[in-house]
Amino acid sequence: MSAHALLGASGAHKWLHCTPSARLEETLPDSTSEYAQEGSLAHEIGELKLRKAFTDPMGPRTFTNRLKKLQSNPLYQDEMLRHTDTYLDYVSSVVHGYKTLPYVAVEKKLDYSAYAPEGFGTGDCIIIGGSIMHVIDLKYGKGVPVSAFENPQMMLYALGALLEYSILYGLEQIVMVIVQPRLDSISEFVMSVNDLMYWATNTVMGAAEKAWKGEGEFVPGEHCRFCRANALCRARADFNVSLEEFGYQKPPLLTNEEVGQILEKAQDLAKWAKDLEAYALSETLKGVEISGWKAVAGRGSRKFIDIDEAFKFLVSKGYAEALLYKREPLSAPAIEELLGKNIYKELLIDTEKVEKTPGKPTLVPASDPREEFKQYDLAELFKNELGGKEIE
Ligand code: SF4
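Keep in mind it's a predicted model, so treat the numbers as computed, not measured. (Residues numbered from 1 in each chain as written. Predicted model: local features only at pLDDT ≥ 70, side-chain atom pairs only at ≥ 80, totals over all residues. Heavy atoms only, no water.)

### Considering the nonpolar core
Item 1. Core analysis: the biggest nonpolar cluster contains 40 residues, and Trp15 and Met133 have the highest contact counts within it.
Item 2. Taken together, the elements giving at least two residues each to this core come down to α1 (12-17), β1 (103-111), β2 (120-129), β3 (132-138), α6 (152-165), β4 (173-180), β5 (185-192) and α7 (193-213).
Item 3. When residues of this core are assigned to their parent elements, the largest contribution, nine residues, is made by α6.
Item 4. Ignoring sequence-local partners within four residues, the contact set of tryptophan 15 consists of Leu6, Leu7, Gly8, Ser21, Ala22, Ala116, Leu156, Val204, Ala207, Ala208 and Ala211.
Item 5. In terms of nonpolar packing, the next biggest core, distinct from the first, is built from 16 residues, Tyr87, Leu88, Tyr90 and Val104 among them. (Core = buried A, V, L, I, M, F, W, Y, C linked by side-chain atoms within 4.5 Å. Buried < 20%, exposed > 50% of the residue type's maximum accessible area, 1.4 Å probe, protein only. Helix = DSSP H or I, 4+ residues; strand = E, 2+ residues; numbered from the N terminus. Contact = heavy atoms within 4.5 Å.)

What follows is the structure, encoded as structure tokens:
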């Protein structure tokens, strides 16, 4: 097995919706971002903590030595300790929620190749107690909140775990959990074993067979975001360029229905333009010509060669030191980051030193899980913006 399976769980949202994408991606270079490497490091710290707590008891010296080794990575940040503690706390709450100690596995290779050729993935943590299995995934990213609801990556992990453990345990229910500590999010989705097996047989098998052979239709959508072909894919380009069709429609003013449809398309259009821009820049920097475009130096920045020396010099020229520094209070979210969630709550929320006001209304697709903005939210917002005065 290679480190990345063609039909891996992490890419399932692509190959289940757009079956030829897996083979197309194979023809394109892969790249690992610094964010991904940072995520891997946080995973390793989380794994070490879970192993110490549940599967590989180790003395404090061994634990500290292993942790120190991970902390020597240039990508290490102190906040990783706090965020992996949130993950550990969640796993501990599940484990200790059982009357007798459940089975726990950490970083478990999960094989679902019976349903998708060479399909496998790695589950961060599996807990089995009675007829319930928890499949828990730590996501260190903070760009996009990831929901566990009908999440195909989680469902494939669950399928692999089910195939591994169903002989030993009488499993009936699976709880899939995504812990995303930097977004303060723990998303859970419960599914019966029967429903999962129905999905595996009726959705996964057919799509996996097509994906393995590189067959089926290219289907653009949300999933394009993480596809290696996302800049050059013709199906995505055709989908976005077809926005023009609205220009030929009559009557001269768009209907609200058309506005909704165009906005839906425009969302991907903007992302696609960014992907194309990134692709074109990297090509021009390699010396490849992109018709009508070239790379230039961006706006530069100015910085002191030695700030202490420069400031000392300014003071010697008669400028008061107080003029050279600015003292600014940290924002509430920055203080929360500094204190940690629990202390922040205890010291500032519970003592009513922080108030939460709704943000400005923003347009999102109807599928967005957030609650719809109500008229009274709007009134409250205006009241705040008008310095507490009621609006008529
Ligand atoms: S960019 Fe989208 S449509 Fe094109 S291959 Fe990738 S997932 Fe499919």
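Moving on from the model shown.
### A few points about the packing of aromatic side chains
Item 1. Throughout the structure, instances matching the rule amount to six aromatic pairs.
Item 2. Judged by centre distance (5.6 Å) and plane angle (85°), the rings of phenylalanine 304 and phenylalanine 311 are edge-to-face.
Item 3. Judged by its relative accessible area of 13%, phenylalanine 311 falls in the buried class.
Item 4. Geometrically, the ring pair formed by phenylalanine 311 and tyrosine 325 is edge-to-face, given 5.4 Å between the ring centres and 75° between the ring planes. Separated by 14 residues along the polypeptide, phenylalanine 311 in helix α10 (residues 307-316) and tyrosine 325 in the loop between α11 (321-324) and α12 (332-339) bring together distant segments of the chain.
Item 5. A residue is classified by how much of its surface remains accessible, and tyrosine 325, at 53% relative accessible area, is exposed.
Item 6. Taken together, the ring pairs connect Tyr103, Tyr165 and Tyr169 into an aromatic cluster.
Item 7. Positioned above the aromatic ring of tryptophan 212, the side-chain terminus of arginine 23 is 4.7 Å from the ring centre.
Item 8. Taking NZ or CZ as reference, lysine 265 lies 4.7 Å from the ring centre of phenylalanine 239, over its face. (Phe/Tyr/Trp six-rings, centres within 6.5 Å; stacked < 30°, edge-to-face > 60°. Lys NZ or Arg CZ within 6 Å of the ring centre and 35° of its normal.)

### Focus on the pairing of β2
Item 1. Of all 10 residues in β2, nine are buried; the element is thus mostly enclosed.
Item 2. Relative to β2, β1 runs antiparallel, the two sharing eight bridges. The residue bridging valine 104 from the neighbouring strand is isoleucine 127, located in β2.
Item 3. Relative to β3, β2 runs antiparallel, the two sharing five bridges. (Pairing = 2+ DSSP bridges.)

### A short note on the site of the ligand
Item 1. In the neighbourhood of the ligand, the contacting residues comprise Cys18, Ser21, Leu24, Phe218, Val219, Pro220, His223, Cys224, Cys227, Asn230 and Cys233.
Item 2. Here the shell around the ligand is built from residues that sort into eight nonpolar, three polar and no charged. (Near = heavy atom within 4 Å. Nonpolar A, V, L, I, M, F, W, Y, C, P; charged D, E, K, R; others polar.)

### Remarks on the domain arrangement of the chain
Item 1. Per the domain assignment, the segments making up the chain are domain 1 (9-213), domain 2 (230-285) and domain 3 (316-385).
Item 2. Here domain 1 and domain 3 have C-alpha centroids that lie 33 Å from each other. (Domains from an automatic or database assignment.)

### Quick notes on α6
Item 1. End to end, α6 covers 20 Å across 14 residues, agreeing with the expected 20 Å (1.5 Å per residue, within 8%).
Item 2. A large share of α6 lies buried, amounting to 12 of its 14 residues.
Item 3. When α6 is considered as a whole, its buried residues turn out to be Pro152, Gln153, Met154, Met155, Leu156, Tyr157, Ala158, Leu159, Gly160, Ala161, Leu162 and Tyr165.
Item 4. For α6, the N-terminal capping position is held by asparagine 151, with its side-chain oxygen 2.9 Å away from the main-chain nitrogen of glutamine 153. (Expected span 1.5 Å × (residues − 1). Polar contact = N/O pair within 3.5 Å; in protein donor to acceptor, adjacent residues only side chain to side chain.)

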